[in-house]
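The lines below spell out each chain.
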Amino acid sequence: MTIHIGAEPGDIAPTVLMPGDPKRAEWAAQRFLDNARQVNAVRGMSGYTGTWQGHPVTIHGSGMGMASLSIYANELIRDFGATTLIRIGSCGAMQHDVKLRDVILAMTASSISTPSSNMLRELNFAPCADWGLLRAAVHAAEAKGSTPHVGGIYSSDTFYDERADLTEALTRHGALAVEMETAELYTVAARYGVRALAVLTVSDHLITGAALDSGVRESSFGEMVEIALGAAFG
Ligand code: HPA
């Protein structure tokens, strides 16, 4: 048991999928895992462990934002031996050619700050995805008939952001989308020498203002779970 994860040693699989929403962790575990059992419920943050095609898998919520994700990623890796962490989540598109429901595989994630920034002093660390996972995720997505966007994203600390100039500069520099977790996930994974990837679907569009309705969000979430599982064991 750790401060935030009430699991026993061995309850967490080496491969962990991390949706932001703990309810999505429950939904995905029920839908995709065999013999899923709940391994964490501390502070309502659900984690489930089961098997997928015979492989042990944990699906554990990260919460929203890098501060929350950082706590769970640190404990999952350091105390429970997770070696592959795949975020599955939503993002807001920042390019015209990125459409609602498109899949984005984050090669890297820019940020103004992460929970790790101060530990790295003046270093401007460049967080990056695990190449093998990224490559396997491209193949898994293509096998499902989806053509993912692969490139840089922006991990923000601010959902309700009034800095239009910053958004515009990121768009000009090719950022595909904004979300709130990946830069810290990649940094923590790098610190411990484990594999990480973010598989995202576009839930809203910062340029056009369009947004997915909740039914479509659920089916696009299922598609991300399949891509993430295919990447982990591909
Ligand atoms: N901003 C930040 N995070 C997000 C967004 C957004 O527009 N959409 C989904 N996650």
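Check the entry above for the structure.
Residues numbered from 1 in each chain as written. Predicted model: local features only at pLDDT ≥ 70, side-chain atom pairs only at ≥ 80, totals over all residues. Heavy atoms only, no water.

Novice: Describe the overall build of the protein chain, naming the residues involved and giving the relevant values.
Specialist: Of regular secondary structure, the protein chain possesses six helices and nine strands. For 234 residues, the compact-globule estimate of 2.2 N^0.38 gives 17 Å, and the protein chain sits close to it at 16 Å. By its C-alpha atoms, the protein chain is 45 × 45 × 30 Å across when sized along the principal axes. Relative to its full complement of 234 residues, the protein chain shows a buried share of 53%. Long-range contacts, defined as pairs at least 24 residues apart, comprise 78% of the intrachain contacts of the protein chain with a sequence gap of at least 6. (Helix = DSSP H or I, 4+ residues; strand = E, 2+ residues; numbered from the N terminus. Rg over C-alpha atoms; globule rule 2.2 N^0.38 Å. Buried < 20%, exposed > 50% of the residue type's maximum accessible area, 1.4 Å probe, protein only. Contact = heavy atoms within 4.5 Å.)

Novice: An account of the site of the ligand is needed here, citing residue identities and associated values.
Specialist: All residues in the neighbourhood of the ligand are listed as Ser90, Cys91, Gly92, Phe159, Val178, Glu179, Met180, Ser203, Asp204 and Leu206. Within the backbone of Gly92, an N or O atom sits 3.4 Å from a nitrogen atom of the ligand. Interatomic distance of 2.8 Å between a side-chain N/O atom of Asp204 and a nitrogen atom of the ligand. In the complex, the protein chains occlude 88% of the 260 Å² of accessible area that the ligand would expose alone. Counting residues per element, the ones that place at least two in the shell around the ligand are β5 (84-93), β8 (177-179) and β9 (195-205). (Near = heavy atom within 4 Å. Polar contact = N/O pair within 3.5 Å; in protein donor to acceptor, adjacent residues only side chain to side chain. Areas by Shrake-Rupley, 256 points an atom, 1.4 Å probe, with all protein chains shown as cover.)

Novice: Explain the nonpolar core to me, and be specific about the residues and the numbers.
Specialist: Among the nonpolar cores identified, the biggest contains 67 residues, and Leu17, Ile104, Leu197 and Val199 are the most heavily contacted of them. The biggest single contributor to this core is helix α6 (residues 214-233), with eight residues. Sequence-distant contacts of Leu197, that is, excluding residues within four places in its chain, are made with Leu85, Ile86, Arg87, Ala106, Ala129, Leu133, Leu134, Ala137, Leu185 and Tyr186. In terms of nonpolar packing, the next biggest core, distinct from the first, is built from five residues, Tyr154, Leu170, Ala175 and Val178 among them. (Core = buried A, V, L, I, M, F, W, Y, C linked by side-chain atoms within 4.5 Å.)

The analysis is restricted to geometry; functional conclusions fall outside its scope.
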